Amino acid sequence: MPDDPFSLSDLARLAGVTPRTIRYYVAQGLLPSPEAAGPATKYGEGHLARLRLIKRLQREHLPLAEIRGRIERMGDDDVRELLDANTEPPVQPAPAATLAFVRGLMVQSGVQPRVAESRASYPRSGAIFEPMIPDGFPTPALPPPSVSTPAVATPIPSVAAPVSPGPLPRSAVGDRSTWDRHLLAPDVELHVRRPLDRQLNKRVDQLIRIARELLAEEP
Amino acid sequence: MTPTPNSDRLVDPALTVRRDRHLIRANGRSERYLLVDVVAPAVAPDPNRRRPPVNLGFVLDRSGSMGGQNKLGLAKQAVVEAVQRLEAEDRFSVVTYDDEIDVAIGSVTATPAERARAADRLRKVEARNSTNLHGGWLTGCEQVAEGLEVNGVNRVLLLTDGLANVGVTDHDELQRLAAELRDRGIATSTFGVGTDFDEALLQGMADAGGGHFYFIGDVAQMRDHITSEVGDTLEVVAREVVLELRLPESVRVEPLTPFRVDQRGGTVRVSLGDMVSGQAVSIVLRVTFDYGEIGREVGVDVRITDRDGAFAAAKPALEPVIIGWRYGDHAENDAQPRDRDVDRVVARLFAERAKQAAVRLNREGRYDEAERAIDGVRKRIAAYAGNDQELRRLAEELRAERPQYAAAMPEMRRKQVHYASSLSLRSRTVDGRAQKRS
């Protein structure tokens, strides 16, 4: 945001003080001197922030001398930081975090959509698993994980097509790993990219065992 | 901050700020109204300009009632047509829900092949059971999140003709989630079909979600409304526009228009959502002042920001507006001139809010209170109308409308009244579109 200079009267109005107060604070060293003197005197955002902080500290019944002691060595950024102490910066949307957030909500309330029809499209639309799954999955070479529809047989250009500004395509080549499918229950599969290191491999085996037991249980 | 493509081609943004009166009372509290008009920059004709990509998640109710009057058929048709307007840079997905949720089309890029396939897949969708609006909506959000375009317009279009009766159904919770998802980059627009849906819920989700609410009273309008919402996303020039006011911390600001407001210390931020090329929005704020010494001035600094810096980049550059009030004695205050344009907008706003309150009361069978809600506002407007023709007409309009609230209204009429008011409060045209600079 540009640092538009304020006139004395504008600054006074925005801070809710009189022009006389501002001159007094400058004289007392509570505010830095404005850039120029005379009718063209201009004050900046830093002055406004400092005035706001002074008013806030006054509401806490601090004497002016004490306030001066606190703020005179502070830079404009420190002042602003203190003013905004309880202000959270706006969240910038991050795709992976948003997806994780939505999935968290779905798990929490047991929302389990069926994706049978669209599953056939996973291999062509690389972005489906994008934020969660590492390189190599899915690839056009991989057979669809569920019953295939006739549409799958037709080769479809992947989203890696240069026109797409979407997430970067994952490499399907130059990577010797392969995806293993483990059937956990009649309608449930787990996909694992191998090779895995030994530690992880052990845990995945454990996961498969537990998952199969869990899914075999009578509801 | 990421600039939109060719943001230097954005022209003529506008910001005007007006007060109803310029003096405030030295002894006692004063309430004054502030009318802020914001016009989003328009896109200058430029064949090379590429709009930001859109990422749309259509969420369709296919509960049993949607089978009536071919509602589902028309909705599917509208989605197929809307999808044809997208380009290969865009993404879309379609989720259908009743008590179960199906991802009919998982998030895909809108290539010609995928657009053609959408029609095929949708043909298989048929109307069935009850309504898990929450689950369907979240699944739509998931589809949009899977291809979230950080620099694009990510929006879920949720359509229903019934009440949410499976999954989370609590209004406050659904609105809170919609607001949270908006902060995380996914907006929600809602479409209510017929007379059985809950407009407070759908309106609330759209307001909190940074999208728009559409009432489809006649199924024949379904296509128009869905098309116009999709068209809206294609025309967005500035995302998450915020009106920022800075003023002394002792001054209180409340919005009368239904935009989300956040007041921290001396800064008030009013979230206007995404704005399309040349869109005009009016915001009315009630400003409350404590007493003060005669002659002292209080001011507010008003400026516009948006996530893309589109307002900042547009030519000619917008100057922040500083507007002030001065403390005066009673005689001065009583004699001061009024800005009648501001009075008219404020009066219209109170009238629309009263109508919505009256509809709610009428639905609850509190007919006397419904009439009183209308009459109270009518009296206030009449009291300060003076010779102003427009204000007198407004008071007359309220007098003429009042009797309809005195007995049970047909639900269709209630929904129509509510919707007309809600469009007026949000600077949208009678058919639900963004108002453009006149």
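What counts and what doesn't
Residues numbered from 1 in each chain as written. Chains lettered and ligands numbered in written order. Predicted model: local features only at pLDDT ≥ 70, side-chain atom pairs only at ≥ 80, totals over all residues. Pairing = 2+ DSSP bridges. Helix = DSSP H or I, 4+ residues; strand = E, 2+ residues; numbered from the N terminus. Axes fitted to C-alpha atoms, helices over the stretch in contact; angles between N-to-C directions. Contact = placed C-beta atoms within 7 Å. Nonpolar A, V, L, I, M, F, W, Y, C, P; charged D, E, K, R; others polar. Buried ≥ 20, exposed ≤ 12 C-beta atoms within 10 Å, placed from the backbone. Parallel < 35°, antiparallel > 145°, perpendicular 65-115°, else oblique. Left-handed = near helix turned anticlockwise from the far one by under 90°.

Could you give an account of the sheet that holds strand 18 (residues 321-328) of chain B, with specific residues and numbers?
Paired through backbone hydrogen bonds, the strands of a sheet run either parallel or antiparallel to each other. Taken in spatial order, the 6 strands line up as 3-18-17-12-15-14 (chain B) in an open sheet, and their pairing is mixed. Two strands lie at the open edges of the sheet, namely strand 3 (23-25) and strand 14 (260-264) of chain B, each paired on one side alone. Each adjacent strand pair in this sheet contributes to an overall mean axis angle of 25°, direction not counted. In this fold helix 1 (residues 8-15) of chain A packs onto strand 12 (236-246), strand 17 (297-305) and strand 18 of chain B, with an angle of close to 90° to the strand it touches most, strand 17 of chain B.

Break down the interface of chain B and chain A for me, citing the residues and quoting the values.
Taken together, the contact between chain B and chain A spans 52 residues of the former and 44 residues of the latter. When residues of the side of chain B that touches chain A are traced back to their parent elements, those giving at least two are strand 7 (91-97), strand 8 (101-109), helix 2 (112-123), helix 3 (133-146), helix 4 (171-183), strand 17 and strand 18 of chain B. Grouping the constituent residues of the side of chain B that touches chain A by class yields 22 nonpolar, 14 polar and 16 charged.

Got a sec to walk through helix 5 (residues 199-208) of chain B? Specific residues and values, please.
Residues and elements named next belong to chain B. Of all the 10 residues making up helix 5, 9 are buried; the element is thus mostly covered by neighbouring parts of the structure. Taken residue by residue, helix 5 has Glu199, Leu201, Leu202, Gln203, Gly204, Met205, Ala206, Asp207 and Ala208 as its buried positions. Looking at the buried residues of helix 5, the elements they touch are helix 4, strand 10 (187-193), strand 11 (210-216) and helix 12 (411-425). Backbone geometry just after helix 5 places Gly210 at a positive phi near 70°.

Go over the packing of helix 1 (residues 71-84) of chain B against helix 2 of chain B, please, and point to the residues and values.
Residues and elements named next belong to chain B. Remark: helix 1 packs on helix 2, axes separated minimally by 9 Å, with the N-to-C direction vectors making an angle of 170°. Viewed along their axes, helix 1 and helix 2 adopt a mutual orientation that is roughly antiparallel. Between helix 1 and helix 2, the contacting residues are Lys76, Val79, Val80, Val83 and Gln84 on the first element and Arg115, Ala118, Ala119 and Leu122 on the second. A breakdown of the residues in the contact of helix 1 with helix 2 according to their chemical character gives 6 nonpolar, 1 polar and 2 charged.

Could you give me a rundown of the packing of helix 10 (residues 367-385) of chain B against helix 11 (residues 389-401) of chain B, with the residues and numbers involved?
Residues and elements named next belong to chain B. The N-to-C vectors of helix 10 and helix 11 enclose an angle of 160°; their axes lie 9 Å apart at closest approach. Viewed along their axes, helix 10 and helix 11 adopt a mutual orientation that is roughly antiparallel. Between helix 10 and helix 11 lies a crossing of left-handed hand. For the pair helix 10 and helix 11, contact is made by Ile374, Val377, Arg378, Ile381, Ala382 and Ala385 and by Leu391, Arg392, Leu394, Ala395, Leu398, Arg399 and Glu401, respectively. Of the residues belonging to the contact of helix 10 with helix 11, the class tally is 9 nonpolar, no polar and 4 charged.

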